[in-house]
Amino acid sequence: KLPPGPKKLPIIGNLHQLHELPPRNLSPNYGPVMLLRFGFVPVVVISSKEAAEEVLKIHDLDCCSRPETAGTRKISYNFKDIGFAPYGEEWKAMRKLSVVELFSTKKLNFSRYIREEENDLLVKKLMDSASRRSLVNLKRTLHTLVGSIVCRIGFGINLHECEFIDEDRVVDLVHKSELLEMTSLFSDFFPGGIGRFMDWLSGQKKRLDLVFSDLDTFFQNILNDHLKPVRRDAESSDIINVMVDMMEKQRDGDSFKLTTDHLKGMISDIFVAGVSTSASTMIWAMTELIRNPRVMKKVQDEIRTTLVDKESLREEDLNKLHYFKLMVKEIFRLHPAAPLLLPRETMSHIKIQGYDIPKKTQILVNAYAIARDPNVWKNPDEFDPDRFLESSVDYKGVNFELLPFGSGRRICPGMAMGITLVELGLLNLLYFFDWGLPEEVEAERIIKDNDVALDLVQVIRH
Ligand code: HEM
């Protein structure tokens, strides 16, 4: 009993409908479990809370591998990372390393000064824009903020003084890494000679290699920098340093051995998974707040009456706020940075909602649709943090109607870091400044257009 789905054409299946892929399209018409076929690859889209619980909790172990694509093979250094590696001993070892050592609470406390300092620097820059009355490009500003923090915490690179990279180039590379992750090649859908031939003919393969080569140069520079004797002696503890130390200490009999590819895979994961997720969440938060003056006022009233006369903000200030945190939760609901999470792959035959799902089927959990399901949420498309005033639903992977970080074995290991990045960044923007639309933008259009995040905005010093 296979799940229902749109009609499939011979050979290509539903490839002609790739542009209609969920989150927003296709899936609601076919119920909570929908079957597609892209070329030879079966793909199941999950779009109800109950079906998501079956995939991510009841059958988590059967569903926790990842499918292979040419793009993810490249960016993960042959699956030597965490995010795209198939389920197995190597993934377990890398995952354990990240949870215990690299993205842990200890690491978070240690790197706190870096986050606060980068935010202080941003506030200074914005004060300048406000006094010059120049517009602020939200996307650029927030990608740069998160990029700078992630590069310092992850790779020990201070973008304001680095020799081989600067802020603009980092933003450019973040976009390139997203492209690699999302690009589909013919060979992803038609494994074998024909697919590879089509990739060669269309030039797709060459384009993919070029984008990857740019990223690889950056990652190699990070690694070279960490292997320099000066750097090895320095008292610093960024994530890559910790891994280089481990590599040096490993012994012949160790069951898992870190290699240079594991190091690059980890650099790549931190870069790909950490920067645009957090930045896009902040951009959407600012967009929704500017569109909804009632909520903006309520949030700003809370933070400005709770935190009085502050010259700069610290992470402990976040714990004093309540409504502000509900606002962030509402953003994670309305605008999950990974609307379909990361694709999973079944490792055995399972049943979801009574339907048969064969081994090696791709599973996409439509977190976007689930978080806007009218059977679960009242006025689901409305931005209204008040909905959480009387609700204990949270986004940490136990409530299947709200899954911005996924759930189960593959839940985001960088969640704590992501939340802190987002909350501290937003707190600074909302405490020190008032925000508005640039004069020439018709407010009407922006307010109606729910699917477009704001780009240029007006900043006013509070
Ligand atoms: C707001 C910020 C973030 C959001 C919304 C987010 C969201 C996600 C989601 C949805 C997944 C897939 C989960 C699944 O398959 O069930 C994921 C995986 C992952 N995230 Fe995050 N993430 C964020 C920040 C970060 C940060 C800051 C890091 C690292 C420093 C990070 C590292 C990872 C890694 C390594 C994985 C792969 C886990 C695995 O496959 O085992 N993320 N993230």
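Remember, it's a predicted structure, so these values are computed and weren't measured experimentally. (Residues numbered from 1 in each chain as written. Predicted model: local features only at pLDDT ≥ 70, side-chain atom pairs only at ≥ 80, totals over all residues.)

### Thoughts on the overall build of the protein
Then, number 1: Within the protein, the regular secondary structure consists of 18 helices and nine strands.
Then, number 2: Over its C-alpha atoms the protein spans a radius of gyration of 23 Å, differing by no more than 12% from the 23 Å that the globule rule assigns to 462 residues.
Then, number 3: In terms of overall dimensions, the protein has a C-alpha envelope of 65 × 60 × 40 Å along the principal axes.
Then, number 4: Among the 462 residues that make up the protein, the fraction classed as buried is 44%. (Helix = DSSP H or I, 4+ residues; strand = E, 2+ residues; numbered from the N terminus. Rg over C-alpha atoms; globule rule 2.2 N^0.38 Å. Buried ≥ 20, exposed ≤ 12 C-beta atoms within 10 Å, placed from the backbone.)

### A look at the UniProt feature "binding site: heme" (unreviewed entry) in the protein
Then, number 1: What UniProt calls "binding site: heme" (unreviewed entry) maps, in this numbering, to Cys412.
Then, number 2: Mapping Cys412 onto the fold places it in the loop between helix H16 (367-370) and helix H17 (415-432).
Then, number 3: Note on Cys412: 24 C-beta atoms within 10 Å, which makes it buried. (UniProt positions renumbered as here; feature names shortened; annotations may be inferred.)

### Focus: the site of the ligand
Then, number 1: Around the ligand sit 27 residues, and of these Gly274, Gly406, Cys412, Gly414 and Gly418 come closest.
Then, number 2: Breaking the shell around the ligand down by element, the ones donating at least two residues are helix H13 (260-291) and H17.
Then, number 3: Of the residues in the shell around the ligand, the class split is 15 nonpolar, nine polar and three charged. (Near = placed C-beta within 6 Å. Nonpolar A, V, L, I, M, F, W, Y, C, P; charged D, E, K, R; others polar.)

### With respect to the packing of helix H6 (residues 138-155) against H13
Then, number 1: Running from amino to carboxyl end, H6 crosses H13 at an angle of 145°, the nearest separation of the two axes being 9 Å. Along this stretch, H6 crosses H13, giving a crossing that reads as right-handed. Between H6, through Leu138, Lys139, Leu142, His143, Val146, Gly147, Val150, Gly154 and Phe155, and H13, the contact on the second element is made entirely by Ile267, Ile270, Phe271, Gly274, Val275, Ser276, Ser278, Ala279, Met282, Ile283 and Met286.
Then, number 2: Split into classes, the residues belonging to the contact of H6 with H13 amount to 13 nonpolar, six polar and one charged. (Axes fitted to C-alpha atoms, helices over the stretch in contact; angles between N-to-C directions. Left-handed = near helix turned anticlockwise from the far one by under 90°. Contact = placed C-beta atoms within 7 Å.)

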